[in-house]
Amino acid sequence: MSVHPTVPQPGRGAKPPAPAPQPGKRQAARRLMLLFVAVVLVIAGTLSLAVSRSEPRSGAAVPAQPAVPASPVAAAPASLQDRVESILSEADEYRIGLALADVNGGAERTFGDEETFTAASTAKILTAAAYYHLVESGEASLDQPLGDYDAAFQLKAMVNDSNNDSWLLLMDAVGYPRLIDYAKSIGVTYDPEQNLLTAADMALVLKKLYAGELLNKDNTEELLSYMQDTNNEDLIPAGSKAGVEVHHKYGELSGELHDAALVTYRGSTFALVIYTENPDGVQDDGQADVIRELTRAVEDALFPAVTAPK
């Protein structure tokens, strides 16, 4: 049997329900107003929720925003500037230029004289890189004869022993025009006949060499290996702290005494170039002393955790 919903009936004596009112114009306007108020309330609630989520509650800790790491060279303390300037002031009988660059990029800092110096044997790194570049392009080889030995022998003798005969042979093998063009390609103005570089120029060469921007991995490692345990370890290596690894090329000629190095500690590497010139035209012990003193000042700022002297 089907069951139908029972429609409630009015009880006895009760008045029949009044007919449902039909919405007139006034009722329609009222409903529209209610709808408008509801929409406004919804919007206000949404905005309030968004603000409460974006603003910290009273007493709540605001999460710190990650800091953008600064280049260690750019962020070196003011004490480095003061200390280097003090050393330069005390050694004002010499012309001195110092350049410092992080091999990972960032700012480069220069101190003292920013003009060119006679680069002496520090420029042998540029000649070596130019020759290796020819090897990598197939225009030369490491086993081709150069003088009484092959090119590989002459490269090591030029850098590790600072042999000038090897340097002349390798510059002739590269050719002066190509050496000039190669230097220009890496951002350095260089004429081998004049052999002039700024400390910043040499720092750029070392920075790009270490970063692998000049040569392939094998040739980079080979050239760097020649820059350790050289025939003169009395300049930047002697001024460095224990635990700091140094690859370098020194240079000396008449009154010029220079060292151009890569200093590394716990994975951080910097190019450090110190050029000095005695206007009297003759080297003296004070130039070596000031190179070592400047090295210590720079490493104190870059590697403060290293305290033990060599």
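Higher on the page you've got the structure.
Predicted model, so just to flag it, every value in this text is computed and none were measured. (Residues numbered from 1 in each chain as written. Predicted model: local features only at pLDDT ≥ 70, side-chain atom pairs only at ≥ 80, totals over all residues. Heavy atoms only, no water.)

S.K.: Would you mind going over the overall build of the chain in detail, with residue names and values included?
M.R.: Counting its regular elements, the chain contains 10 helices and nine strands. Buried residues in the chain amount to 41% of all 310 residues. Here the analysis covers contacts within the chain between residues at least 6 apart in sequence; of these, 63% occur between residues at least 24 apart. Per element, the accessible surface of the chain, about 17,500 Å² overall, is 54% carbon and sulfur. (Helix = DSSP H or I, 4+ residues; strand = E, 2+ residues; numbered from the N terminus. Buried < 20%, exposed > 50% of the residue type's maximum accessible area, 1.4 Å probe, protein only. Contact = heavy atoms within 4.5 Å. Areas by Shrake-Rupley, 256 points an atom, 1.4 Å probe, with all protein chains shown as cover.)

S.K.: Describe the pairing of strand β8 (residues 256-265), with residues and values.
M.R.: Of all 10 residues making up β8, 10 are buried, and the element is well covered by its neighbours. Going residue by residue along β8, you find Glu 256, His 258, Ala 260, Leu 262 and Thr 264 tucked away on one face and Leu 257, Asp 259, Ala 261, Val 263 and Tyr 265 tucked away on the opposite face as well. Of the pairings in the sheet, the one linking strand β7 (residues 245-253) to β8 comprises nine bridges and is antiparallel in character. Within β8, the position partnered with His 247 by the bridge is Leu 262. What sits between β7 and β8 in their antiparallel hairpin is a turn of two residues, with Ser 254 showing a positive phi close to 50°. As judged from the 10 bridges shared by β8 and strand β9 (residues 268-277), these two strands associate in the antiparallel manner. Bridge pairing in β9 links Tyr 265 to Ser 268. (Pairing = 2+ DSSP bridges.)

S.K.: Would you mind going over the layout of surface pockets in detail, with residue names and values included?
M.R.: Approximately 150 Å³ is the volume found for the largest pocket. Lining of the largest pocket is provided by Thr 118, Ala 120, Ser 121, Ser 162, Asn 164, Trp 167, Asn 195, Tyr 250, Gly 251, Glu 252 and Leu 253. Where the lining of the largest pocket is concerned, the elements lending two or more residues are α5 (164-174) and β7. No other element matches β7, which puts four residues into the lining of the largest pocket. Among the residues making up the lining of the largest pocket, the classes are represented as four nonpolar, six polar and one charged. (1 Å grid on protein atoms, 1.4 Å probe; cavity = no way out; pocket = protein on both sides within 12 Å on 5 of 7 lines; lining within 4 Å. Points joined across faces, edges and corners; volume = space filled by probe spheres on them. Nonpolar A, V, L, I, M, F, W, Y, C, P; charged D, E, K, R; others polar.)

S.K.: Describe the pattern of salt bridges, with residues and values.
M.R.: Evaluated as defined, the whole model comprises seven salt bridges. One salt bridge connects Arg 95 with Glu 277, and the closest N-O pair in it is separated by 2.8 Å. Taken together, the residues Arg 95 in strand β1 (residues 95-102) and Glu 277 in strand β9 connect sequence positions 182 residues apart. On the basis of relative accessible area, Arg 95 is assigned to the partly exposed category, the value being 24%. (Salt bridge = Lys/Arg side-chain N within 4 Å of Asp/Glu carboxyl O.)

S.K.: Tell me about the sheet that holds β8, and please be specific about residues and values.
M.R.: Spatially, five strands are ordered β2-β1-β9-β8-β7 in an open sheet, and the strand pairing comes out antiparallel. Across the chains shown, the open sheet's two edge strands, defined by having one partner strand only, are β2 (108-112) and β7. Strand-to-strand twist across the sheet, computed as the mean angle between neighbouring axes with direction ignored, equals 10°. (Axes fitted to C-alpha atoms, helices over the stretch in contact; angles between N-to-C directions.)

S.K.: Give me the lowdown on helix α4 (residues 151-160), citing residues and values where you can.
M.R.: Burial within α4 is extensive, with seven of its 10 residues counted as buried. Those residues of α4 hidden inside the fold are in contact with α3 (124-136), β4 (145-146), β5 (149-150), α5, α8 (217-225) and β7. Two residues or fewer past α4, Ser 162 is found with a positive phi of approximately 55°.

S.K.: Lay out a negative patch on the surface in plain terms, naming residues and giving numbers.
M.R.: A cluster of like negative charges, contributed by Asp 92, Glu 93, Asp 280, Asp 284 and Asp 285, occupies part of the molecular surface. For Asp 280, a relative accessible area of 67% puts it in the exposed group. (Patch = residues over 30% accessible without salt bridge, like charges linked within 9 Å, V, L, I, M, F, W, Y side chains within 5 Å. Lys, Arg positive; Asp, Glu negative; His and termini not counted. Charge placed at Lys NZ, Arg CZ, Asp CG, Glu CD.)

S.K.: I'd love a proper account of the environment of Phe 117, names of residues and values included.
M.R.: Residue placement: Phe 117 occurs in strand β3 (residues 117-118). In this structure Phe 117 comes out as buried when scored by relative accessible area, which is 0%. Setting aside chain neighbours within four positions, we find Phe 117 in contact with Arg 95, Ile 96, Gly 97, Asn 195, Leu 196, Leu 197, Glu 256, His 258, Tyr 275, Thr 276 and Glu 277.

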